[in-house]
Amino acid sequence: MTDLTRDDGYLLSTDPQRLDLDLVHHWLSTDAYWALGRDRETTRRAFAGSIPFGVYRPGDGRQVAVGRVISDGALFAYLCDVYVDRAERGRGLGTWLAGTVRDHLACLGVRRILLATVDAHGLYAKLGFAPVHPEHWMEYDQRVSPVTGKEQDPGSPLTVST
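Counting from 1, residues in each chain are numbered in the order their sequence is written. With the structure being a predicted model, the display of local features is reserved for residues of pLDDT at least 70 and the display and counting of side-chain atom pairs for 80 or more, all residues being used for whole-chain, interface and lining totals. Excluding hydrogens and water, the side-chain values take into account all heavy atoms of the structure.

### Some points on the sheet that holds strand β6 (residues 112-114)
Quick reminder of the rule: Criterion used throughout: strands pair if DSSP finds at least two bridges between them. Think of it this way: any DSSP run of H or I at least four residues long counts as a helix, any run of E at least two long counts as a strand, and we number them from the N terminus. Only C-alpha atoms enter the line fits that serve as axes; for helices the fit covers just the stretch in contact. Angles between N-to-C directions range over 0 to 180 degrees. Residue contacts follow a heavy-atom distance rule, with two residues in contact if any of their heavy atoms lie within 4.5 Å.
Here six strands make up an open sheet; going across it, the order is β1-β2-β3-β4-β5-β6 and the pairing mixed. Since the sheet does not close on itself, it has two edges, and those belong to β1 (3-5) and β6, each with one partner. The sheet shows a mean angle of 20 degrees between the axes of neighbouring strands, taken without regard to direction. In terms of strand pairing, β1 meets strand β2 (residues 11-13) through three bridges, oriented antiparallel. By the bridge assignment, Leu4 is partnered in β2 with Leu12. Packing against the sheet, helix α2 (residues 40-48) makes contact with β3 (51-56), β4 (63-71) and β5 (76-84), and its axis sits at approximately 60 degrees to β4.

### What to know about helix α3 (residues 93-108)
To keep things clear, this is the line we draw: Helix span, expected: 1.5 Å multiplied by one less than the number of residues in the helix. Only protein chains enter the accessibility calculation, which uses a 1.4 Å probe; a residue is then buried when its area is under 20% of its type maximum, exposed when over 50%, and partly exposed in between.
Taking 1.5 Å as the rise per residue, α3 with 16 residues should run 22 Å; its terminal C-alpha atoms sit 23 Å apart, in good agreement. Buried within α3 we find Leu93, Gly94, Trp96, Leu97, Ala98, Gly99, Thr100, Val101 and Leu105. A positive phi of about 95 degrees marks Gly109, the residue just after α3.

### Topic: a nonpolar patch on the surface
For clarity, the cut-off: Patch members must show over 30% relative accessible area and no salt bridge, and they are joined within 9 Å when carrying like charges or within 5 Å when they are nonpolar side chains of Val, Leu, Ile, Met, Phe, Trp or Tyr. We get accessible surface area from the Shrake-Rupley algorithm with a probe of 1.4 Å; when it comes to residues, only the shown protein chains can shield them. A pair is scored as a salt bridge if a Lys or Arg side-chain nitrogen falls within 4 Å of a carboxyl oxygen belonging to Asp or Glu.
Together, Leu75, Phe76, Val132 and Trp137 line one region of the surface with nonpolar side chains, adding up to about 350 Å² of accessible area. Inspection of the secondary structure assignment puts Val132 in the segment after α4 (121-125). Here Val132 falls in the partly exposed class, since its relative accessible area comes to 41%.

Structure (structure tokens):
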């Protein structure tokens, strides 16, 4: 487990027991464009199968940010579900969280971290993340289309999604 404290007292921890999963589920299912409507059981299972990163406020210890990593622990990782409480934004917590994830994985020898974003390219670029070449990547996506509201047709061309 990793526990780090910033100079201003914010704590980052990978301890899954510290996560406020009810709060995390609320954030993701009501305010994160990529997880709107996600049910609590899916959130629980997703975090149970991942490395969780929580950020906690100084003083009261309330959780104020979250992210999770899916990884083989040796070569590859996927960073997802990064969310900072709206009341805590602007303090650099997202940058600190993503940078800590990057550094934690580098210590394990992980050489490639993938993530998807619609609106935080600048944040991740500051940390060395760069756009991927779409002609190299493929995906199989059976999520419901945000455009049509229907399951995507497995026979139709798939697009890079977030």
